[in-house]
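The primary structure of each chain is shown beneath.
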Amino acid sequence: MARSSSVTRLLTPPAVAALLLVGCAAGGHGDAGAGARPEVMGVGDPLFPGLGNGGYDVRGYRLALAYDPGSGRLAGTAEIVARATRELRVFNLDLHRLSATAVTVDGAEARSVHDGDELIVRLGEAVPAGREFRTVVRYEGEPGAIRDADGSEEGWLRTPGGALAVGEPAGSTAWFPGNHHPSDKASFDIAVTVPEGLRAVSNGELASERTSGGRSTYRWRSAEPMATYLATLAIGPYEMRSSRTASGLPVVTAVDPAVGAADPAVGKLSARLPEVLAWAEGAFGPYPFSSAGAIVVPDEVVDYALETQTRPVFPAGLFTPETLAHEIAHQWFGDSVTPKSWRDMWLNEGFATYAEWLWAEEFEGVPVRESFDAAFADAENWAFPPADPPSAAEVSSAPVYGRGAMVLHRVRGEVGDEVFFRLLRGWAREHRHGNASTADFTAYAERLSGRELGGVWDGWLYGDGRPRR
């Protein structure tokens, strides 16, 4: 659950254009033949064409960060292990506002040029297609927020005495270099050094914690693949609460002390996390990660909840049972099964919204049919088809959520409850820790159900205007 965003790209200056042409002429990213052009910037996403980069597939990120809340300065070293998908003489990393001070590839110094949000790396010796290579980027600067088209903010958000990093869809470019598109998922190892007395909370499991010389270092590991937009980092005097589910899954919640002191309900809802996880497993199948939890911050820090992997972020005012059900459902739909492109966003939000409807029916006595009727009556849900947002500004608009959930309910009406819930669990299982598109889902639904569902797709998923009931 996040707001829309766009990334401003600068025009390529002559020096960088020349560097790109050298890489193309040398047989880097360009396709053979007349009219070939380098494909180093962007993966061709229909809504965010500048995000991500071609030519390689990241296997893992290892970040070592040091943050000074007083000055707002961040110093980092990013070790990126990737496999070349074609011969590479030049490649790009997405990095917003921060400056790279040194870049090496497999231990050899590499030339780099920063152009807007692109760090362009030129290699002295080409990396052959299929070979794994290791890039180390040392960088520093004052990270900041990226303002989205709807006025909300993502990226690196400074807080009193700390910071919060949230990244959908482009905000993670504000604090580490990488291939920032959901189609390239990787493991993460994040070590963060902060002044003693503060905590650094991230995704996955806490591997180590040590304090020396007035500084504390926290190291978090996420072994399961994660899209970069799902990475998070919260720095502050957080109160940590740990528990386990009945199956032994560790649950770690970080609550800003200002929130915990002002609202005892936060602690009560935090204690219900194992219950919510058990409910979600009953509906969607086995939980896809090795830990779970939440991060709760004051409302003034961020005005939306976000499904950051294993540890969703909530402003206190949105830390409710319904929103918790929504963000926990995202761990299956969005985090484990991640969209191939941002146009497929309804596969995240439509499924998570439908999870809210299921929760309301089971725990609040509101039948799913009533939630469907309310969504059907809401004119905002009919602005555009959920599978075809017209621009980046609409990627998180109402139709992606409400009409996306209506699509699922119409599928349920066509195939029946037994097949529908088998479909939810099977979809999450078949694409576990991978990427999937809308076309993948429609084909899967028809294959599993043995029914042709073109009427649902034409009228509800892709159709213009409100279909007949």
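It should be emphasised that the depicted structure is a prediction, and the values quoted were computed from it without experimental measurement.

**Some details on the overall build of the protein**
Right, on to step 1. Scanning the protein from N- to C-terminus turns up 11 helices and 22 strands.
Right, on to step 2. For 469 residues, the compact-globule estimate of 2.2 N^0.38 gives 23 Å, and the C-alpha radius of gyration of the protein, at 22 Å, lies within 12% of that figure.
Right, on to step 3. Once the C-alpha set of the protein is aligned to its principal axes, its extents read approximately 65 × 60 × 40 Å.
Right, on to step 4. Counting only residues that meet the buried cut, the protein has 57% of its 469 residues in that class.
Right, on to step 5. Within the protein, contacts between residues separated by at least 24 positions form 69% of all contacts whose residues are at least 6 apart in sequence.
Right, on to step 6. By element, 50% of the accessible surface of the protein is carried by carbon and sulfur atoms, the whole surface being about 17500 Å².

**Things to note about the environment of Gly 50**
Right, on to step 1. Inspection of the secondary structure puts Gly 50 in the loop between helix H1 (14-25) and strand S1 (56-68).
Right, on to step 2. Put simply, Gly 50 and His 180 are 130 residues apart on the chain and 9.7 Å apart in space, counted from C-alpha to C-alpha.

**Looking at the sheet that holds strand S18 (residues 250-255)**
Right, on to step 1. A sheet is described by the order of its strands in space; here 4 strands give the open sequence S17-S18-S19-S20, paired in mixed fashion. Either end of the sheet is taken by a strand with one partner, and the two such strands are strand S17 (239-244) and strand S20 (313-315). Across this sheet, the average inter-strand angle for adjacent strands is 20 degrees, counted without regard to direction.
Right, on to step 2. Strand direction decides the pairing type here: strand S19 (residues 292-297) and S20, joined by 3 bridges, are parallel. Paired with Val 297 across the bridge in S20 is Pro 315.

**Section: the environment of Arg 62**
Right, on to step 1. Positionally, Arg 62 belongs in strand S1.
Right, on to step 2. With a relative accessible area of 40%, Arg 62 lands in the partly exposed category.
Right, on to step 3. On a C-alpha basis, the gap between Arg 62 and Glu 430 in space is 28 Å, while along the polypeptide they are 368 residues apart.
Right, on to step 4. Arg 62 has contacts with Thr 77, Ala 78, Glu 79, Asp 189 and Arg 219, leaving out every residue within four places of it along the chain.

**Notes on the UniProt feature "domain: Peptidase M1 membrane alanine aminopeptidase" (unreviewed entry) in the protein**
Right, on to step 1. The UniProt record marks residues 322-460 with the feature "domain: Peptidase M1 membrane alanine aminopeptidase" (unreviewed entry), using the residue numbering of this structure.
Right, on to step 2. End-to-end, the C-alpha atoms of residues 322-460 are 25 Å apart, and along that stretch the chain is 64% helix and 4% strand.

**Quick word on the pairing of strand S7 (residues 118-127)**
Right, on to step 1. Where burial is concerned, most of S7 is hidden: 7 out of the 10 residues are buried.
Right, on to step 2. Direction of pairing for strand S3 (residues 88-94) relative to S7: antiparallel, over a ladder of 6 bridges. Residue pairing across strands places Asp 94 opposite Glu 118, the latter belonging to S7.
Right, on to step 3. Sheet topology places strand S6 (residues 111-115) next to S7; 5 bridges connect them, and they run antiparallel. The residue bridging Ser 112 from the neighbouring strand is Val 121, located in S7.
Right, on to step 4. In this antiparallel pair of consecutive strands, S6 and S7, the connection spans 2 residues, and Gly 116 shows a positive phi of 60 degrees.

**Remarks on the side chain of Ser 291**
Right, on to step 1. Mapped onto the elements of the fold, Ser 291 is located in the loop between helix H4 (273-284) and S19.
Right, on to step 2. Take Ser 291: its relative accessible area is 2%, and that puts it in the buried class.
Right, on to step 3. A polar atom in the side chain of Ser 291 sits 2.6 Å from the side chain of Glu 205.
Right, on to step 4. Once you skip the residues sitting within four places of it in the chain, Ser 291 turns out to touch Gly 204, Glu 205, Leu 249, Pro 250, Thr 310 and Arg 311.

**Here's the deal with the confidence of the model for the protein**
Right, on to step 1. Of all residues in the protein, 91% have pLDDT values of 70 or greater, and the mean over the chain is 91.
Right, on to step 2. For residues 2-39, every residue scores under 50 in pLDDT, and the model assigns this stretch 93 contacts once sequence neighbours within four places are set aside.

**What to know about the pattern of salt bridges**
Side chains that differ in charge, positive against negative, can pair when their charged atoms come close.
Right, on to step 1. Under the defined criterion, the tally for this structure stands at 18 salt bridges.
Right, on to step 2. Put simply, Arg 131 and Asp 106 hold a salt bridge, and the shortest N to O gap is 2.6 Å. With Arg 131 in the loop between S7 and strand S8 (132-141) and Asp 106 in the loop between strand S4 (99-105) and strand S5 (108-109), this residue pair connects regions lying 25 residues apart in the sequence.
Right, on to step 3. Several salt bridges converge on common partners, so that one network encompasses Arg 62, Asp 189, Arg 219 and Arg 221.

**Things to note about unusual backbone geometry**
Right, on to step 1. In this chain, Glu 168 is followed by Pro 169 through a cis amide linkage whose omega measures 0 degrees.
Right, on to step 2. Mapped onto the secondary structure, Pro 169 falls in the loop between strand S11 (162-166) and strand S12 (186-195).
Right, on to step 3. Phi at Asp 106 takes a positive value of approximately 50 degrees, unusual for a residue other than glycine.
Right, on to step 4. Even without being a glycine, His 433 presents a positive backbone phi close to 60 degrees.
Right, on to step 5. By the element assignment, His 433 lies in the loop between helix H9 (417-430) and strand S22 (434-436).

**Focus: helix H7 (residues 368-377)**
Right, on to step 1. By the burial criterion, the buried members of H7 are Val 368, Ser 371, Phe 372, Ala 375 and Phe 376. Taken around the axis of H7, the buried residues stretch over an arc of 135 degrees, which confines them to a single face.
Right, on to step 2. In this fold, the buried residues of H7 make contact with helix H6 (346-364), helix H8 (398-415) and helix H11 (454-461).

**What to know about the sheet that holds strand S10 (residues 153-159)**
Right, on to step 1. The sheet built from 5 strands is open, its strands ordered S9-S10-S11-S16-S13 with antiparallel pairing. Lying at the two open borders of the sheet, with one neighbouring strand each, are strand S9 (145-147) and strand S13 (199-202). Averaged over all pairs of adjacent strands, the angle between their axes in this sheet comes to 20 degrees, without regard to strand direction.
Right, on to step 2. Bridge count for S9 against S10 is 3 bridges, and the pairing is antiparallel. Following the sheet pairing, Arg 147 is matched in S10 by Glu 153.

**Remarks on the side chain of His 330**
Right, on to step 1. In this fold, His 330 is placed in helix H5 (residues 321-330).
Right, on to step 2. Of note is the side chain of His 330, whose polar atom sits 3.1 Å from the side chain of His 326.
Right, on to step 3. Looking at His 330, its side chain comes within polar contact range of the main-chain oxygen of Phe 333, at 2.9 Å.

Conventions we followed
Residues numbered from 1 in each chain as written. Predicted model: local features only at pLDDT ≥ 70, side-chain atom pairs only at ≥ 80, totals over all residues. Heavy atoms only, no water. Helix = DSSP H or I, 4+ residues; strand = E, 2+ residues; numbered from the N terminus. Rg over C-alpha atoms; globule rule 2.2 N^0.38 Å. Buried < 20%, exposed > 50% of the residue type's maximum accessible area, 1.4 Å probe, protein only. Contact = heavy atoms within 4.5 Å. Areas by Shrake-Rupley, 256 points an atom, 1.4 Å probe, with all protein chains shown as cover. Pairing = 2+ DSSP bridges. Axes fitted to C-alpha atoms, helices over the stretch in contact; angles between N-to-C directions. UniProt positions renumbered as here; feature names shortened; annotations may be inferred. Polar contact = N/O pair within 3.5 Å; in protein donor to acceptor, adjacent residues only side chain to side chain. pLDDT = per-residue confidence, 0-100. Salt bridge = Lys/Arg side-chain N within 4 Å of Asp/Glu carboxyl O. Arc of directions from axis to C-beta.

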